[in-house]
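Here is what each chain is made of, one letter per residue.
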Amino acid sequence: MIAIDIAIAIFGMCAVPAGYRMLVGPSRADRATAADLMMFILIGLLALLGFRGGSSYTLDIVLVAALVGFLSAVSFSRALLRGER
């Protein structure tokens with residue numbers, strides 16, 4: 001349990017600079033990348049907290065959230081490129 005608590009603290013510390021970059025980023029690409037990073041940090045926190053709490057539904061929620069995060073990353077990149085390939 002100590003390792004999980006340490007991992008939760010590390011994820012929390014990683015969320016601070018990502019949140020700063022998401023709010024203050026110099027370009028739209030920086031903000032989109034930081035938002036994607038924040039999404040996956042939150043997914044990791046959700047997985048760790050579910051494992052720590054012993055919830056049986058956590059894996060399902062994490063899988064759906066990861067799929068939504070991937071699709072949002074693809075849509076962010078398409079929006080930044082304005083539909084060009």
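Residues numbered from 1 in each chain as written. Predicted model: local features only at pLDDT ≥ 70, side-chain atom pairs only at ≥ 80, totals over all residues. Heavy atoms only, no water.

> I'd like to hear about the environment of Gly69, residue by residue, with values.
Mapped onto the elements, Gly69 comes out in helix H3 (residues 58–81). Its relative accessible area of 0% is what places Gly69 among the buried residues. With 53 residues separating them along the chain, Gly69 and Val16 place their C-alpha atoms 19 Å apart. Each residue touching Gly69, except ones within four places of it in the same chain, is listed here: Asp36, Met39 and Phe40. (Helix = DSSP H or I, 4+ residues; strand = E, 2+ residues; numbered from the N terminus. Buried < 20%, exposed > 50% of the residue type's maximum accessible area, 1.4 Å probe, protein only. Contact = heavy atoms within 4.5 Å.)

> Can you lay out the packing of helix H2 (residues 28–53) against H3 for me, pointing to particular residues and giving the numbers?
Where H2 contacts H3, the axes come no closer than 10 Å and their chain directions differ by 175°. Between H2 and H3, the angle is such that the two are roughly antiparallel. Across from Arg28, Ala29, Ala32, Ala35, Asp36, Met39, Phe40, Ile43, Leu46, Ala47 and Gly50 in H2, the residues of H3 making contact are Thr58, Ile61, Val62, Ala65, Ala66, Val68, Gly69, Phe70, Ala73, Phe76, Ala79 and Leu80. Looking at side-chain class alone, the contact of H2 with H3 contains 18 nonpolar, three polar and two charged residues. (Axes fitted to C-alpha atoms, helices over the stretch in contact; angles between N-to-C directions. Parallel < 35°, antiparallel > 145°, perpendicular 65-115°, else oblique. Nonpolar A, V, L, I, M, F, W, Y, C, P; charged D, E, K, R; others polar.)

> Pulling in residues and values, what's your account of the confidence of the model for the protein?
Taken residue by residue, the protein gives an average pLDDT of 89. The fraction at 70 or more is 96%. Looking across the protein, the model is least confident in H3, with a mean pLDDT of 87, and most confident in helix H1 (residues 2–24), with 93. (pLDDT = per-residue confidence, 0-100.)

> Provide a residue-level description of the nonpolar core, including the pertinent values.
Membership of the largest hydrophobic core is limited to eight residues, which are Ile4, Ile8, Ala15, Ala18, Met38, Ile41, Leu45 and Leu48. Going through the elements one at a time, H1 and H2 are the ones with two or more residues in this core. (Core = buried A, V, L, I, M, F, W, Y, C linked by side-chain atoms within 4.5 Å.)

> Describe in detail the packing of H1 against H2, supporting the description with residues and values.
Close contact between H1 and H2 brings their axes to 9 Å; oriented N to C, the two are set at 160°. With respect to H2, the element H1 is oriented roughly antiparallel. Considering only the axes of H1 and H2, their crossing is left-handed. (Left-handed = near helix turned anticlockwise from the far one by under 90°.)

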